[in-house]
Amino acid sequence: FVLENVKDLGVFLEVEAKSVSDSEDIKLVKEEIRKFASNLGLAIGDELNSGKPELLLKKNGFKI
């Protein structure tokens, strides 16, 4: 878990699983991470699937 306050974008919670084997369902792993965060009392939004540089460019009107 990494909590990061990014100027002009807000606060981000980054979560990574140590390893996901070929037999593991990525959706299930993501659900388990969300459940774990929720049990910690963290309110989290939807997954963005974008890097911070891309988000900054979009916020400033650049089309990507």
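As a starting point, this report considers the structure included with it.

The rules behind each value
- Residues numbered from 1 in each chain as written.
- Predicted model: local features only at pLDDT ≥ 70, side-chain atom pairs only at ≥ 80, totals over all residues.
- Heavy atoms only, no water.
- Helix = DSSP H or I, 4+ residues; strand = E, 2+ residues; numbered from the N terminus.
- Rg over C-alpha atoms; globule rule 2.2 N^0.38 Å.
- Buried < 20%, exposed > 50% of the residue type's maximum accessible area, 1.4 Å probe, protein only.
- Contact = heavy atoms within 4.5 Å.
- Areas by Shrake-Rupley, 256 points an atom, 1.4 Å probe, with all protein chains shown as cover.
- Lys, Arg positive; Asp, Glu negative; His and termini not counted.
- Charge placed at Lys NZ, Arg CZ, Asp CG, Glu CD.
- Expected span 1.5 Å × (residues − 1).
- Polar contact = N/O pair within 3.5 Å; in protein donor to acceptor, adjacent residues only side chain to side chain.
- Patch = residues over 30% accessible without salt bridge, like charges linked within 9 Å, V, L, I, M, F, W, Y side chains within 5 Å.
- Salt bridge = Lys/Arg side-chain N within 4 Å of Asp/Glu carboxyl O.
- 1 Å grid on protein atoms, 1.4 Å probe; cavity = no way out; pocket = protein on both sides within 12 Å on 5 of 7 lines; lining within 4 Å.
- Points joined across faces, edges and corners; volume = space filled by probe spheres on them.
- Nonpolar A, V, L, I, M, F, W, Y, C, P; charged D, E, K, R; others polar.

**Considering the overall build of the protein**
If you tally the helices and strands in the protein, you get two helices and two strands. For the protein, the N- to C-terminal ordering of α and β elements is β-β-α-α. Over its C-alpha trace the protein gives a radius of gyration of 14 Å, far above what one expects of a compact globule, namely 11 Å for 64 residues. Seen through its C-alpha atoms, the protein measures out along the principal axes to roughly 40 × 30 × 15 Å. Relative to its full complement of 64 residues, the protein shows a buried share of 8%. Excluding contacts between residues fewer than 6 apart, the proportion of contacts in the protein whose partners are at least 24 apart in sequence is 34%. A total accessible area of about 5,700 Å² is found for the protein, and carbon and sulfur atoms account for 53% of it. Treating the 10 positive side-chain charges of the protein as one cloud and the 12 negative ones as another, the clouds have centres 6 Å apart.

**Some words on helix H1 (residues 26-39)**
Its 14 residues give H1 an end-to-end C-alpha distance of 20 Å, which sits within 8% of 20 Å, the value for a rise of 1.5 Å per residue. Looking at where H1 begins, the residue whose side-chain oxygen comes 3.1 Å from the main-chain nitrogen of Lys27 is Asp25. Within two residues after H1, Gly41 carries a phi angle of roughly 85 degrees, on the positive side.

**Notes on a negative patch on the surface**
Side chains of Glu24, Asp25, Glu31 and Glu32 sit close together on the surface and give a patch of like negative charge. Using a relative accessible area of 44% as the deciding quantity, one classes Asp25 as partly exposed.

**Some details on the layout of surface pockets**
Space inside the largest pocket adds up to approximately 750 Å³. Forming the walls of the largest pocket are 21 residues, and the residues nearest its centre are Leu13, Glu14, Val15, Glu47 and Leu48. Taken together, the elements giving at least two residues each to the lining of the largest pocket come down to strand E2 (10-14), H1 and helix H2 (52-59). With four residues, E2 is the single largest residue contributor to the lining of the largest pocket. Classifying every residue of the lining of the largest pocket by side-chain character gives 11 nonpolar, four polar and six charged.

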